[in-house]
Each structure stands twice: as C-alpha cells, then as structure tokens.
Amino acid sequence: MDKLYGYVGKIARINLTDSTVAFISTSDYVPKYIGGRSICNKIFWDEVKPGTKAFDPENKIIYMTGPTTATGIPTGGRTVFTSIAPNSFPEQYAWSGIGGWFGAEVKFAGFDGFILEGKAPEPTYLYIEDGEIKFLSARNLWGKLVHDTQRKLEEIHGKDVKSIVIGPAGENLMRNASVTTSNDNVAAKAGLGAVFGSKNLKAITVRGAGVVVPADIKKVLELRLKMSHPAMIPRPVINETEHGLPGATTIVEGGWQRAQVACSHGCNQHCMCLMLDMKSAFSEEKVNHVEKCVSPLAFNMTIDVPYGGPGGPGGTFQTEQNHYPACKMLSREVDPPDTSDPYFEQEFAPAPSDILNYWKHDFDKGSIINDLCNEYGIDKWDVIIWLLPWLAMGKNEGVFDDIDFGMEIDVESEKFIRYLLDMIVYRKGYYGNLLAEGMARAIRTLGKEKFGNTIYHGRYSRILDKQIDIPISLEGAWGHTVHWQGRGFQGSIAKPAWVATNLHQMNATRDSQTIQHHHDTFEHYLELKDDPCRSPLTAKAVVMGENMAEIKDSVTCCDWQSPNLFWPEMEAEMFSAATGIPMTKEELLNVGERSRLLYRAIMINHSGRNRQMEVNEIFAIMQYPDPWGETVTWDEWNDLVDLYYAERGWDKETGWPAREVYERLGLDEIADELAESGKCR
C-alpha cells in the first residue's frame, strides 16, 4: 500500500519473557480494520487461544491508536487496550479506552500500537523513544503510588516523556486495578492494571520526535471549528461555593477552586473539571484532582443522580432543536434549551431522583476517596457505586453483624475508608484478599442470597412517595455494577432508556456505557415509549449505538462528542481528513459492524456466549422497580431480545450470527473457523 496518511505504519510486538521486539506493518490490517478496537479484535482473534486466563502469560494486552490520533482532529487523542479482563465475571475478552497525551506520543515515537505478550522475569518498565524499545528494571518503582511513579519516570527520562503506569492495586492483582496517565486518565473498567501486574510490567514511558501527517489539513482545521461548536475556551479559576451534580449541590464551607482542562491530545474542548488544592490521602500537601462523572458522588450520595425527562440533561432522546454533546454538560456550558421546540415540555419534564441515604456530604472525605483511588490505581466506579453502597446498605440491614472486618464498618468515616482500601489493595487478611477479587466474586463466596440479594429499606421514590425495593448489591451484568440501568444509581431515567441500556449491557463483557451511552431521537421515543420492549425502534437504536461504539474506538473519537445524531457523517469526515481514504457514513457503519461482529465471534469462541446465558445474566436487575415502580417481565425481555437478534441477522435460539452475516462483512474465514466447532451455520 502507498503512504498511509494518519498512520505511522508500524505495530510493535513486545515479548516481555525474553525482552525481544518484532514489528508488524499496520497495512496488514488497514483499511479493512481501520484502527483502535477493530485492529485489536483482529489481532486477538488471530493470536489468543480459547481457554486463556487473564493472568496467564499467554494472555496479551493489545494497544492501538487510531488514524485520527495525533493529527489534531478533536477527540482523536483517545486510544484503546484489549485483553482477557480479570474484572469481568467470568473472565472474558474486553476493552478499555484511555485519553491523555500518551497515545499521540506513541505515534510520534513511530508506532501505531503494540502487542504485549509473555511475562517479564522481574519488575520491568518499557522505555520507547523514536522507534527504539528498551526493557528497564522497575525494582525501584515497584510499590510506588501512581503519581510518585509518574514523577520518578520524569526525573529519569525528562519532563517531556508521557507515561502510563499502574499503582499498588495492579501490582497486587486487584481485579479492578487501572492503568493511569500523568493527567489521571485511566483505562479502568476491564481491570487491565492487574494484567500489567501479572506481567511484572509497571509502566510504559515514551518520547517521540516524529510527526503524524493528516491527508487533508484544511479539513482538519474545519473539523476543529465545527465539532462541538462553539468550542469552549480555557476559563479562569473559579471559586465555587457549592459542590455536587446540578440539581443536587451542597454548600462547601470556605469554597473550593475549580478550573477546566482538556483531557486528551487534540481535543478542542475543556470539559473536565480540575479541582485545585484538595486534601491528599498521603501527604500534608494539597493535590489537584480531575473530577470525572462519578467523582462527585464520593462527596455525597444521599440522593440518586438527578436526571429529568427523556430528553433531560444527558440528552438520551434528542430533537434537532435541543441536543448537545455531553462535554457541554460536564463543563456546565450548556446553552439554554430552545423553548420553541414543540416537544420541549415533554423532553424536560422533571423527574425527582430517589432518596438513597448512602452517605452524607463530607468534602474532605470525598477528596480522600478520590485520591486513594487515583494513587492506588483502582477503578473509582467500582468503589463509589458498588463497594461503598454495599457496605452502607448491608450495615443498615444488619447483614454484616456477624462479620469482623477488623474495624467497625462506617462509610461516613474517613478513617474507615482509608483502612478499607488499604486492606483490599494490599490484600490484608481474609476480607482484604476476598474483596480484592472484585465484588461479584466476593459476594458469591460470602453467599449471594444474603450478601447480594438482601433488600435495602432505605430507598425512597419521591415520584411514588413510598419506599421501593432494591438489593444491597448493585450488580448489573458480567461482574460489573449498574450504570444507567434504572435502579440504585442513575435511576430516574425513562424506561425506554434503561431498557435499551440493559440490552447494551447484555451484549457486552463489561460496563459498556463509557463508550456507548444510549442515544435516539425524540420522535422515536414517542413511538416506542408505551412498550419499548416490543418496538423494533429500540433494537435498531441499540444496534446503531453498538456499531457507533466500535467506530468511536477505532477512528478514534470521544463518547462525550460522538455520535451527533444530526451530523451522522462526522466520524466518516474525521477518518477521511486523517487518511485521505474516501469514506461514506454507510461504509464506516459497515466497518463498525464488522468490528462488532468480530467481537461477537470472540465471545462465542472464547466464552461460549449464547442466548440463554445472556438473557439470564441481565434479567435479575430489572426485577427491582425503577422510580415509577416499573419492571420488565420475562416475556417482554425475550421479545426485545428476539427483535434485537433479528435486526442483527443472528439466530434467535442461539444468538449466533448466521454465515451470510459474516460473509456480507468479509469475515468468511471467521465463519469457517466457527463452523468447525458447530458455532456457525
């Protein structure tokens, strides 16, 4: 192939066992697989055998940038890891996205991605500079916290290097350990920090002096002006007097300092909140935190996330007059709604969130929770949405009365939070070791009926004006906690939204919402709202969202700006501007569907996925009422799954794609391999 604009042309195969490096041409995959997750999926299918476990040396970490990475196209700074994920239950192939400046530096150093295989004989880190890869001892880094490690690597190699590191959680194989950049972007959901730890890999540090040339610089500039217009500009530091989510804020005595930052290379927005001079868990000195979507709940979780109507702040169901990317919401720069919209009152009808009473507001304690997760290298979501609510609810119901954690359970206490996370990260004692295995495994070991299904009597619906049932364990599916699933957390979203979200979750191997928040038009909502489980529109929107997620993780782009339902050519324009390869939205959707189909084939081949497994996995959480008292029946759920499988062209009994689906997308060889084991007809 002639010059690949948008790519640098080389993928490194890095063997940690014998410290060798080989190179693969990116053009072995492009343009059939365009980058990011689509190439990761293909490499995994070709190279990792079924039966491989997360911590086996045979498991591989596959990391890929995309064609927009380092080109200056907004949101292109995001990149992707895939691997067998230790945090999924059972272990399954999964992915994790990450922002920051690391991905761009990898391309400046001459690589589109790398494959990490084997296991280093001792603690090791990789130093990559302009095409050269060195294996260096990490004995002096092992045991260090995340930011101490980042600082030490900058002392050794210079302030201009970009690093991803793991903390003690990853070293100790805590199943929800994360990988972290210097500006606190994390690959968190799949537990890849623990896979790094299993390979004795502490960090990867990179410096590059190269450039990435996009094919159409004029178009890149046009995209920078058009995407999320008007672009947000850096704002001065603001002294905030309140903290929390819009509609659920609390006064902070003395106030706090807020700034805005972009989280990744090339982004033209500054949506992330930077909290300045916050209390540190490890030092008398103050620290800065980048506040993510879940972080505010560390400070206070007396009520659920306020959401509103079907077109509310997250914009699940949108009209052309009232839609905006989620980055505007995060930075609180949303334009006033257009009240001339004929659907305005329905879109923004208020829906008060549930009272949960997990923990009261404590600004310093919230800062400590976030700092502990940042420095240990732990997925905050698991801690804030699952572990701590489980302890709060279980204690309220007397579930832990006969258990001695070594300290009284008290999620209101900073001292207890410090004790708890230290115990888990360093696997101290029986319960520290147990909880380091992740909530799904720990609860099953303790006994799911008592420690998972016990009803919490402290949830109160302000819509129904009564107490409603919820289990003390907010488990969604595949070993991950709920996320936009209608109960326990982010509950007050409309039923058509949480039904669709549950279908997204059913088809994934981990929490899928960080890259495929559900979107649809308000016109569709009006057609499906009375019976979302029996409307083909629900299935069509989920298929679109899944394919778009693959595109976002392949082009690459950010879930906070994509998709734009009213600019459906955006991602194709990004790809063509970067590569010079003409691409229509329909052709790009085929690329997304091909990547998704390959992911489906991996799930079938490695995890034995079928319909029975999937419908049972997600159905349990939907048996607890949402804030309106709504649930889904077994028949309703299966009717929706029928519609979804039909929309995909998959067999309704098995959930396996038909051969013609593979052939339509150029995956004949995948169909042939699956047919040999009877998993494709």
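Everything below is about the structure printed above this text.
**A few points about a nonpolar patch on the surface**
Thinking step 1. Taken together, the side chains of Tyr 5, Val 211 and Val 213 define a hydrophobic patch exposed on the protein surface, amounting to about 260 Å² of accessible area.
Thinking step 2. With respect to the helices and strands, the residue Val 213 is situated in the loop between β12 (201-207) and α6 (217-226).

**Quick notes on the environment of Tyr 125**
Thinking step 1. Examined against the element boundaries, Tyr 125 turns out to sit in strand β7 (residues 124-129).
Thinking step 2. Residue classification places Tyr 125 among the buried residues on the basis of a relative accessible area of 4%.
Thinking step 3. C-alpha of Tyr 125 to C-alpha of Pro 350: the two residues are 225 residues apart in sequence and 51 Å apart in space.
Thinking step 4. In this structure the side chain of Tyr 125 is engaged in a polar contact, spanning 2.8 Å, whose partner is the side chain of His 157.

**Side note on the sheet that holds strand β11 (residues 186-187)**
Thinking step 1. Pairing is mixed in the open sheet, where 6 strands are placed in the order β8-β7-β12-β9-β10-β11. Pairing within the sheet leaves two strands with one partner each, and these edge strands are β8 (132-137) and β11.
Thinking step 2. Of the pairings in the sheet, the one linking strand β9 (residues 162-165) to β12 comprises 4 bridges and is antiparallel in character. Following the sheet pairing, Lys 162 is matched in β12 by Val 206.
Thinking step 3. Together, β7, β8, β9, β10 (179-181) and β12 form the strand contacts of helix α3 (residues 146-157), whose direction differs from that of β9 by roughly 145°.

**Overview of the packing of helix α10 (residues 363-376) against helix α11 (residues 380-396)**
When two helices pack together, their arrangement is given by the angle between the helix axes and the distance between those axes.
Thinking step 1. Look at α10 against α11: their axes get within 9 Å of each other, and the N-to-C directions meet at 130°. Comparing the axis directions of α10 and α11 gives the class oblique. Our pair here, α10 against α11, has a crossing hand that is right-handed. Residue-level contacts link Ile 369, Asn 370, Cys 373 and Asn 374 of α10 to Lys 380, Val 383, Ile 384 and Leu 388 of α11.
Thinking step 2. Of the residues that constitute the contact of α10 with α11, the class distribution is 5 nonpolar, 2 polar and 1 charged.

**As for the pattern of salt bridges**
Thinking step 1. Throughout the structure, instances matching the rule amount to 46 salt bridges.
Thinking step 2. The partner of Arg 139 in a salt bridge is Glu 122, and the shortest N-O contact between them spans 3.1 Å. Linking Arg 139 in the loop between β8 and α3 with Glu 122 in the loop between β6 (113-117) and β7, this pair joins segments that are 17 residues apart in sequence.
Thinking step 3. Using a relative accessible area of 54% as the deciding quantity, one classes Arg 139 as exposed.
Thinking step 4. Its relative accessible area of 29% is what places Glu 122 among the partly exposed residues.

**A few points about the packing of aromatic side chains**
Thinking step 1. Counting across every chain of the model gives 28 aromatic pairs.
Thinking step 2. A ring pair is formed by Tyr 376 and Tyr 426, whose centres lie 5.9 Å apart and whose planes are at 85°; its orientation type is edge-to-face. With Tyr 376 in helix α10 and Tyr 426 in the loop between α12 (414-425) and α13 (429-436), the pair connects residues that are 50 residues apart, well separated along the chain.
Thinking step 3. Judged by its relative accessible area of 4%, Tyr 376 is buried.
Thinking step 4. Taking relative accessible area as the criterion, Tyr 426 reaches 35% and is therefore assigned partly exposed.
Thinking step 5. With 5.9 Å between their ring centres and 55° between their planes, Tyr 644 and Tyr 645 make a pair best called tilted.
Thinking step 6. Its relative accessible area of 0% is what places Tyr 645 among the buried residues.
Thinking step 7. Taken together, Trp 390, Phe 400, Phe 405, Tyr 430, Tyr 431 and Phe 451 form an aromatic cluster joined through their ring pairs.

**Structural notes on α10**
Structural remark: α-helix, 3.6 residues per turn; residues separated by three or four positions point the same way.
Thinking step 1. With 14 residues, α10 extends 20 Å between its outermost C-alpha atoms, agreeing within 8% with the 20 Å of an ideal straight helix rising 1.5 Å per residue.
Thinking step 2. Burial analysis of α10 places 13 of its 14 residues in the buried class, the great majority of the element.
Thinking step 3. Capping the start of α10, Asp 362 holds a side-chain oxygen 3.3 Å from the backbone nitrogen of Asp 364, two or three residues further along.
Thinking step 4. The positive-phi residue at the C-terminal boundary of α10 is Gly 377, with phi of around 80°.

Cut-offs used in this document
Residue positions within a chain follow its written sequence, with the count starting from 1. Restriction of local features to residues with pLDDT of at least 70 applies here, the model being predicted, together with a cutoff of 80 or more for giving and counting side-chain atom pairs; totals for whole chains, interfaces and linings are based on all residues. Values shown for side chains rest on all heavy atoms present in the structure; no hydrogens or waters enter the calculation. Patch members must show over 30% relative accessible area and no salt bridge, and they are joined within 9 Å when carrying like charges or within 5 Å when they are nonpolar side chains of Val, Leu, Ile, Met, Phe, Trp or Tyr. A 1.4 Å probe and the Shrake-Rupley method give the accessible areas. Residues count as covered only by the protein chains that appear here. Any carboxyl oxygen of Asp or Glu that lies within 4 Å of a side-chain nitrogen of Lys or Arg is treated as forming a salt bridge with it. A run of DSSP states H or I qualifies as a helix once it reaches four residues; a run of E qualifies as a strand once it reaches two. Both are numbered from the N-terminal end. We call a residue buried when its accessible area falls under 20% of the maximum for its residue type, exposed when it is over 50%, and partly exposed in between, using a 1.4 Å probe and counting protein chains only. The term polar contact refers here to a pair of N or O atoms within 3.5 Å; inside protein, the definition further demands a hydrogen-donor-capable atom paired with an acceptor-capable atom, and it admits residues adjacent in sequence only when both atoms are side-chain atoms. Pairing between strands requires that DSSP locate at least two bridges from one strand to the other. We call two residues in contact when some of their heavy atoms are within 4.5 Å. Working convention: axes come from line fits to C-alpha atoms, limited for helices to the stretch in contact. Angles between N-to-C directions cover 0 to 180 degrees. In what follows, roughly perpendicular refers to angles from 65 to 115 degrees, roughly parallel to angles under 35, roughly antiparallel to angles over 145, and oblique to any angle outside these ranges. Helix crossings get a hand from a simple test, with the near helix turned counterclockwise from the far one by less than a right angle marking a left-handed crossing and a clockwise turn marking a right-handed one. Residues are grouped as follows: nonpolar covers Ala, Val, Leu, Ile, Met, Phe, Trp, Tyr, Cys and Pro; charged covers Asp, Glu, Lys and Arg; every other residue, Gly included, is treated as polar. Stacked, tilted and edge-to-face are the three classes applied to pairs of Phe, Tyr and Trp rings, where Trp contributes its six-membered ring and a pair requires centres within 6.5 Å; stacked means planes under 30 degrees apart, edge-to-face means over 60, and tilted covers the rest. One fewer than the residue count of a helix, multiplied by 1.5 Å, yields its expected span.

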